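Inside the fold
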Amino acid sequence: MSENIKFVQGNEACVEAALYAGLDFFAGYPITPSTEIAEQMSVRLPQIGGKFIQMEDEISSVCAIIGASLTGHKVMTATSGPGFSLMQEGLGYAIMAEIPSVIVNVMRGGPSTGLPTCPSQGDVLQARWGVHGDHAIIALTASTHQDVFDITVHAFNMAETYRTPVILLFDEVVGHMREKLVIPEKGEIPVVDRMRTSVRAGVDYHPYLPREDGRLPMSDFGAEHRYNVTGLAHDMWGFPTNNPDVVHTQLRHLTDKIKNNVRTITRCREYFMEDARTVLISYGSSARSAFHVVKNRRARGERLGLLELQSLWPFPYGLIEEKCAKARHIVVVEMNMGQITRAVKRAVRNPDRVVLANRIDGVFITPTDIKNILRLIQGKGV
Amino acid sequence: MAIRDYIRQRFFPHMWCPGCGHGIVLNSMLRAVEQLGMSKNEIVMVSGIGCSSRISGYVDFHSLHTLHGRALGFATGVKMSKPELNVIVPMGDGDALAIGGNHFIHAARRNIAMTAIVMNNRIYGMTGGQYSPLSGHGTSATTAPYTNIDHDFDVVKLAKAAGASFVARSTTYHARQVTDILKQAIVHDGFSVVEILSQCPTYFGRKNRMGGPSDMMEWFKENTTPIGSKAKAENPALIERGIFVQDEDKPEYCTEYDKVIERAMGGRS
Ligand SMILES: Cc1ncc(C[n+]2csc(CCOP(=O)(O)OP(=O)(O)O)c2C)c(N)n1
Ligand code: SF4
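All values reported here derive from a predicted model rather than from experimental measurement.

With respect to the overall build of chain A
When helices and strands are tallied, chain A shows 13 helices and 15 strands. Taking 21 Å as the expected radius of gyration for a compact globule of 382 residues, we find that chain A reaches 21 Å, a close match to that expectation. If you line up chain A on its principal axes, its C-alpha atoms span 75 × 45 × 45 Å. Looking at the 382 residues of chain A, the share that counts as buried comes to 59%.

Looking at the UniProt feature "domain: Thiamine pyrophosphate enzyme TPP-binding" (unreviewed entry) in chain B
Here the UniProt feature "domain: Thiamine pyrophosphate enzyme TPP-binding" (unreviewed entry) sits at residues 49-196 of chain B. The span residues 49-196 of chain B is 36% helical and 23% strand by assignment, and the distance between its end C-alpha atoms comes to 17 Å.

Some remarks on the site of ligand 1
With respect to spatial proximity, 18 residues lie near ligand 1, and among them Cys51, Ser52, Asp93, Asp95 and Gly125 of chain B are the closest. More than one chain reaches ligand 1: its neighbouring residues belong to chains A and B. Residue Gly94 of chain B places a main-chain N or O atom 2.9 Å away from an oxygen atom belonging to ligand 1. When contributions to the shell around ligand 1 are tallied by element, the ones reaching two or more residues are α4 (93-99) and β5 (123-124) of chain B.

Considerations on the site of ligand 2
Residue and element names in this part refer to chain B. As a matter of local geometry, ligand 2 sits amid Trp16, Cys17, Cys20, His22, Cys51, Asn121, Gly125, Cys200, Pro201, Thr202 and Tyr203. The biggest single contributor to the shell around ligand 2 is helix α8 (residues 201-207), with three residues. For the shell around ligand 2, the per-class residue count stands at seven nonpolar, four polar and no charged.

Thoughts on the pattern of salt bridges
Residues and elements named next belong to chain A. Inspection of every chain in the model, using the stated rule, returns 29 salt bridges over all chains. Glu302 is paired through a salt bridge with Arg300; the nearest N and O atoms lie 3.8 Å apart. What makes Glu302 buried here is its relative accessible area of 18%. Exposure remark for Arg300: the relative accessible area of 59% places this residue in the exposed category.

Some thoughts on the interface of chain A and chain B
Contacts between chain A and chain B engage 42 residues on the former and 38 residues on the latter. Across the chain A to chain B interface the summed buried area is about 3,500 Å²; carbon plus sulfur atoms make up 61%. When residues of chain A are sorted by the area they lose upon contact with chain B, Lys51, Glu56 and Arg226 of chain A head the list and together hold 20% of the total. For the pair chain A and chain B, the interface holds four salt bridges. Here Arg10 of chain B makes a salt bridge to Asp204 of chain A, at a shortest N to O gap of 3.2 Å.

Focus on the packing of aromatic side chains
Counted under the stated rule, the structure contains 14 aromatic pairs over all chains. Residues Phe239 of chain A and Phe11 of chain B carry aromatic rings whose centres are separated by 3.6 Å and whose planes lie at 25 degrees to one another, so their mutual orientation is stacked. Of the two residues, Phe239 of chain A is situated in the loop between β9 (228-230) and α8 (244-259) and Phe11 of chain B in the segment before α1 (22-35); the pairing between them involves two chains. Exposure remark for Phe239 of chain A: the relative accessible area of 18% places this residue in the buried category.

Calculation notes
Residues numbered from 1 in each chain as written. Chains lettered and ligands numbered in written order. Predicted model: local features only at pLDDT ≥ 70, side-chain atom pairs only at ≥ 80, totals over all residues. Heavy atoms only, no water. Helix = DSSP H or I, 4+ residues; strand = E, 2+ residues; numbered from the N terminus. Rg over C-alpha atoms; globule rule 2.2 N^0.38 Å. Buried < 20%, exposed > 50% of the residue type's maximum accessible area, 1.4 Å probe, protein only. UniProt positions renumbered as here; feature names shortened; annotations may be inferred. Near = heavy atom within 4 Å. Polar contact = N/O pair within 3.5 Å; in protein donor to acceptor, adjacent residues only side chain to side chain. Nonpolar A, V, L, I, M, F, W, Y, C, P; charged D, E, K, R; others polar. Salt bridge = Lys/Arg side-chain N within 4 Å of Asp/Glu carboxyl O. Contact = heavy atoms within 4.5 Å. Buried area = accessible area lost by both parts, 1.4 Å probe. Phe/Tyr/Trp six-rings, centres within 6.5 Å; stacked < 30°, edge-to-face > 60°.

So this is what it looks like as structure tokens:
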């Protein structure tokens, strides 16, 4: 086995994974701390005959990848906080028109231009609810470069399976930290390709008529089937409609295709959970500090466990409820004012037991920060 | 192919008001496509949001009805990922030059091969008659009750300055000229801008006492003149019609990117 080992930034790990997953079109606009993704793409894509374009802003970047996806390509864009805000309208379009696409947001502190070079996990709810209107969304995250790789491939697979945009939420520490990455052999991680229609030329093709399993086989722009794509509510031909039944069915389809597949979409890692009395829940780089605390305290016999979320939306309510059923305390570790903590409180039977260990000052959350919270809940004082 | 075969009859009747100029643009455009003998599968029509932008639903091409002002962004992704497709982008004047103004100048600057049609009715039709960046100083609109103090763009000069390699203008009165210009714009290998003055009797006409649709078209006839005509020398207020720029030498974006691929592959392609 010829192991391909690299020493890279998280942003580069994301690029490697996207290429592994079959990406061949990238459009973007530079913004810290995501810029290395665009830079690497400009080098790597033309080497494989793919296309990179630096657009005039984030608005047109997300539009360009949607256009390219419709011609049959695997597409991605990458940005950070303010750029992600600008992408919301296009993201909504991709949800409504069911266009497979991947949007990376290497989060930075906000609101506004905030803290460009500091870590934050402040866009968790923007990822969930930034788009207007009721909708479902897939947002994934990672704490190590190997996980960045796996989860990025997963993002493409989910985007192509469910015909939907998928958001990758990384934080600055993960994006810029350098560590080892082993690039898997081809085939080691399965790569999903878009399902294309088997309807023959000349036969009426319905681009927006879901099969029984909720999937919608696509036809590439330029191929034999011509159809209309719109961000307006539409019927099975893609033609705009206000018919209440059609609108209702379409919106339900958009949310159900994700809600009904939570187990396939979501990922979570468990550490020392078998008999844990205190459960830490974390994600991204914060989970690395949380893991450090749990590992050290276990050595001293304390019953601490860690649930590391690798997907944030759809939120795995059932799983969290089940895993926390016996916990006396639940500590959510995140670099914001409790954006995932809210979801955890909704999931567990006793929300009063859920506390937040956080930092919001642009400084990476350390094991000491977490230990201080643990002392408080254990009644020891700081 | 017969003109009606380029149309999605299932999607009719269309939503335009009686007398709207947008239908004439559709007609002229379909004639251009028919005269060029193009197949429906090689054309992608990408539009934004507005009355004008509904044009994409009515044609039996690959059609992408996008977001207000963003049509050129989507179109850039389509064209670059599949350069063999012919991309036509009809837009309203607000769509193309207010919310989409930045995309407009950058698409022109890149010189990416597509045909941008600006259907200029000098008003926001779909939202009910607010002033647009092409309404012009002294006009009336629902958001300019005391008359408009905004100055307008000259689309031709703007497109030229931004680097478009094909720039033309005509009106719905001159429907045959529109077809002729569009034919050349579509086959042009670079970014083409075709401004078409189109009447919105419902809002611009009514607000500015321009009379009915036919009066508005008469206005186009009387207030425009071919490029460089004697009439223009005598009356500088006349609006010129015709092809202002037709530069076949400026490198086209997708072709240039192919060279980037060649350089990146070090001749391995
Ligand atoms: C982001 C956004 N802002 C505003 C609107 C509302 N809107 C829809 S169409 C339109 C203007 C249409 O005018 P124009 O582009 O000139 O085309 P026309 O309808 O006159 O053909 C506006 C402002 C929108 N759809 N999206
Ligand atoms: S409002 Fe104006 S632009 Fe819109 S369809 Fe009616 S006449 Fe045409």
